[in-house]
Each structure stands twice: as structure tokens, then as C-alpha cells.
Amino acid sequence: MEQEIDVQAKRDLMYGELDLSSLSLFSGSFINYGYWGEVAPGRDITLAERTASQAELYRQTLARIPTPPGVELLEIGCGIGVGTALVAREYAAYATGLDRSKAQLARAADANAEALERLSGRLSFQEGSATELPFPDDAFDGAYSVEALQHVDDLAAVGREARRVIRPGGHFAAATFFAPVDSGDGPLADLLETVASGVDVVHSLGAFTADLEQAGFADVAAESIGGHVWHQFDRWVAQTEFKDSWGRNLLRCYENGWLDYYVVTAS
């Protein structure tokens with residue numbers, strides 16, 4: 001238990017006082033690796049392209065579940081909230097962003113002040129845990145998470161809670177990285193600083209899909225999108241001050257089949 005508390009304290013520090021969103025790796029806005037289209041070789045990636053890749057990861061995730069106008073959606077692990085605002089704006093959704101970090105929620109309120117006013121109640125943020133969602137049963141038409149579940153130790157609890165708050169006929173989608181096969185940590189802890197520290201947990205894909213099925217979800221599916229994530233993100237890292245950091249090992253891990261990026265869906 002003490003080890004788990006220490007790890008969570010590191011996560012809270014990263015997203016609180018240290019403000020991960022401010023790093024050049026994430027272009028000062030979203031906090032994800034991005035979903036990239038083709039970027040012409042032989043030139044630097046622009047800041048606008050980096051930010052666009054992160055917005056596109058939200059669109060790719062939401063494209064895999066039904067989002068009719070007026071749909072009520074929960075984002076689990078919303079961070080600074082610009083993705084939640086994108087969903088409310090572009091999908092005419094009622095979007096609630098949940099995060100455990102008071103500091104991130106304060107940043108979300110500031111970053112999205114205009115959207116909170118303009119979207120007339122369709123955008124909101126709330127503090128809470130992914131494993132103990134502070135909402136009643138059947139509160140949403142769907143729930144989604146974009147690059148947050150790697151910071152959660154108990155994904156079975158996430159599955160149970162998501163199933164509880166999603167109405168019958170609703171949908172779930174999660175985008176993050178997983179181990180394609182359950183082979184333990186393998187070399188990941190030696191290559192990735194956040195895995196070594198416990199801040200990131202590279203869960204096995206099969207274990208998570210089994211968790212969702214056990215929670216009562218049906219039609220559980222996983223789609224690899226790593227080909228749209230790792231290569232171009234590595235190009236971006238290479239042109240930042242982090243070019244000699246452990247972050248360059250993410251591409252190596254992907255190319256060796258030790259991790260991949262997926263969108264997991266269920267209904």
C-alpha cells in the first residue's frame with residue numbers, strides 16, 4: 001500500500017505542481033502523444049502541427065463510438081480540459097471532464113473560460129477518481145478516456161465504474177498504450193523512466209479487454225493506431241530539448257513489439 005501511495009504522489013506532482021502540459025513535448029495545451037497524418041520529411045514539425053495531432057487523437061477516439069447531437073459524455077482523466085471542450089464544441093455534446101488533480105482542474109477552468117461561458121452548460125469539470133466515479137448509476141450515454149489509463153493501477157475498477165455510470169445501450173472508448181502480449185514489464189522499465197518509477201503502468205491489452213467484459217460490457221474491441229502515433233511523435237521529440245532523453249525509447253519499444261497504442265471500445 002505504501003508503494004502505491006508513493007507512486008500516486010509522483011503522478012499527482014507531475015500533473016500538479018510540475019504542470020506536464022507546459023512542456024514543449026505537449027505544446028502547452030493537450031497532454032498526449034498525438035494521432036499524426038503524413039508530415040513531409042526533411043523539415044521541422046510546427047507547433048501548430050503538434051497541437052493538431054493531439055486534437056486529432058480525440059477525434060479518432062470519439063469517431064469509434066456513436067456521438068449524436070446532445071449526447072452526454074464523461075471524459076475520464078481530462079487534464080487541462082481542452083479535449084473535453086473540443087468534444088462539447090465539435091460533437092454538440094454535453095461533456096463532463098473528470099480529473100483527480102485540483103491543480104489541473106484549476107488550469108482547465110482558466111484555459112476553457114470562454115468555452116464554459118459560450119457552450120451554455122454543455123461543458124463542465126469535476127474532481128474525482130477513475131476508480132470511484134462521483135456520479136450516480138446511468139448518468140451518461142457514454143464515457144471515454146484519452147491517454148490517462150496508463151496512470152491507473154486498477155483498470156478492472158475503471159471498467160466496473162464506467163459500466164455503472166453508462167446507460168444501457170451506451171458506449172465506452174479509451175485510447176492509450178498497452179503491451180500487446182502479457183509478458184510482464186520485460187525491458188520497458190529499463191528503457192522508459194516513467195515505467196521504472198511506476199508513474200506509467202503498461203497494462204496488457206488482453207487483461208484490459210477481459211476487465212471490460214467482466215464488468216458487463218459487450219462488443220469489446222481493440223484497434224492498433226501505433227502507426228499513426230510513435231514515428232511522428234519521435235520526430236517531434238527529436239527537435240525539442242528532450243532529444244537525448246528516454247522518450248526516444250518509445251519508438252524503439254513499439255518497433256520491438258513491447259508496447260503499442262490502441263483505441264479500445266465497448267458497448
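In this text the structure is predicted, and so the values were computed from the model without any measurement.

## Quick word on the overall build of the chain
Helix and strand counts for the chain come out as 11 helices and 7 strands. For a compact globule of 267 residues, the expected C-alpha radius of gyration is about 18 Å, and the chain comes in at 17 Å, within 12% of that figure. Each principal axis of the C-alpha distribution contributes one length, and for the chain these read about 45 × 40 × 35 Å. Every one of the 267 residues in the chain was classed for burial, and the buried ones make up 52%. Once local pairs closer than 6 in sequence are excluded, the contacts in the chain between residues at least 24 apart make up 75%.

## Thoughts on the pattern of salt bridges
This model, assessed by the stated rule, comprises 14 salt bridges. For Glu-223, the salt bridge identified is with Arg-64, shortest N-O distance 2.9 Å. On the criterion of sequence distance, the pair formed by Glu-223 in strand β6 (residues 221-224) and Arg-64 in the loop between α2 (47-62) and β1 (72-76) is long-range, its members being 159 residues apart. What emerges from the salt-bridge pattern is a single network uniting Glu-56, Arg-59 and Glu-90.

## Brief notes about the environment of Val-158
With respect to the helices and strands, Val-158 occurs in helix α6 (residues 155-165). By relative accessible area, which is 1% here, Val-158 ends up buried. With 26 residues separating them along the chain, Val-158 and Glu-132 place their C-alpha atoms 7.8 Å apart. Excluding residues that lie within four positions of it along the chain, Val-158 makes contacts with Ala-130, Thr-131, Leu-149 and Val-152.

## Here we look at the packing of aromatic side chains
Under the defined criterion, the tally for this structure stands at 12 aromatic pairs. Aromatic side chains Phe-172 and Phe-208 sit 6.5 Å apart centroid to centroid with 65 degrees between the ring planes, which places their arrangement in the edge-to-face category. Here Phe-172, found in strand β5 (residues 166-178), pairs with Phe-208, found in helix α9 (residues 205-215); they are 36 residues apart in sequence, far enough to count as distant. Each member of the pair, Phe-172 together with Phe-208, is buried. Ring geometry for Phe-178 against Phe-208: centres 5.4 Å apart, planes inclined by 15 degrees, an arrangement best described as stacked.

## Focus: the pairing of β5
Bridge count between strand β4 (residues 140-146) and β5: 6 bridges; the pairing is parallel. Bridged to Ala-143 within β5 is Phe-172. On the question of chirality, the crossover connecting β4 to the parallel β5 by way of α6 is right-handed. The pairing of β5 with strand β7 (residues 260-266) spans 7 bridges and is classified as antiparallel. Counted as the bridge partner of Ala-175 is Val-263 from β7.

## Details of unusual backbone geometry
With a phi angle near 50 degrees, Ser-120 is a residue other than glycine that sits in the positive phi range. Positionally, Ser-120 belongs in the loop between α5 (113-118) and β3 (123-127). For Ser-120, a relative accessible area of 62% puts it in the exposed group. One non-glycine residue with positive phi stands out, namely Asp-138, at about 55 degrees. Of note, Asp-138 is situated in the loop between β3 and β4.

## Brief notes about the packing of α6 against α9
Two numbers describe how α6 lies on α9: the axes approach to 8 Å, and their chain directions differ by 40 degrees. The handedness of the crossing between α6 and α9 comes out as right-handed. Side by side, α6 and α9 meet where Leu-155, Ala-156, Gly-159, Arg-160 and Arg-163 of the first sit next to Phe-208, Asp-211, Leu-212 and Ala-215 of the second.

## Here we look at the nonpolar core
Counting residues in hydrophobic clusters, the biggest one holds 55 residues, and the most contacted among them are Val-87, Trp-230 and Tyr-261. In terms of residue count, the dominant contributor to this core is helix α3 (residues 82-90) (5 residues). Excluding residues within four positions of it along the chain, Val-87 makes contact with Tyr-58, Leu-62, Leu-73, Ala-92, Ala-93, Ala-95 and Tyr-144. Membership of the second largest hydrophobic core comes to 28 residues, among which are Ala-139, Ala-162, Ile-166 and Leu-205.

Conventions adopted
- Residues numbered from 1 in each chain as written.
- Predicted model: local features only at pLDDT ≥ 70, side-chain atom pairs only at ≥ 80, totals over all residues.
- Heavy atoms only, no water.
- Helix = DSSP H or I, 4+ residues; strand = E, 2+ residues; numbered from the N terminus.
- Rg over C-alpha atoms; globule rule 2.2 N^0.38 Å.
- Buried < 20%, exposed > 50% of the residue type's maximum accessible area, 1.4 Å probe, protein only.
- Contact = heavy atoms within 4.5 Å.
- Salt bridge = Lys/Arg side-chain N within 4 Å of Asp/Glu carboxyl O.
- Phe/Tyr/Trp six-rings, centres within 6.5 Å; stacked < 30°, edge-to-face > 60°.
- Pairing = 2+ DSSP bridges.
- Right-handed = clockwise from strand over helix to strand, strands pointing away.
- Axes fitted to C-alpha atoms, helices over the stretch in contact; angles between N-to-C directions.
- Left-handed = near helix turned anticlockwise from the far one by under 90°.
- Core = buried A, V, L, I, M, F, W, Y, C linked by side-chain atoms within 4.5 Å.

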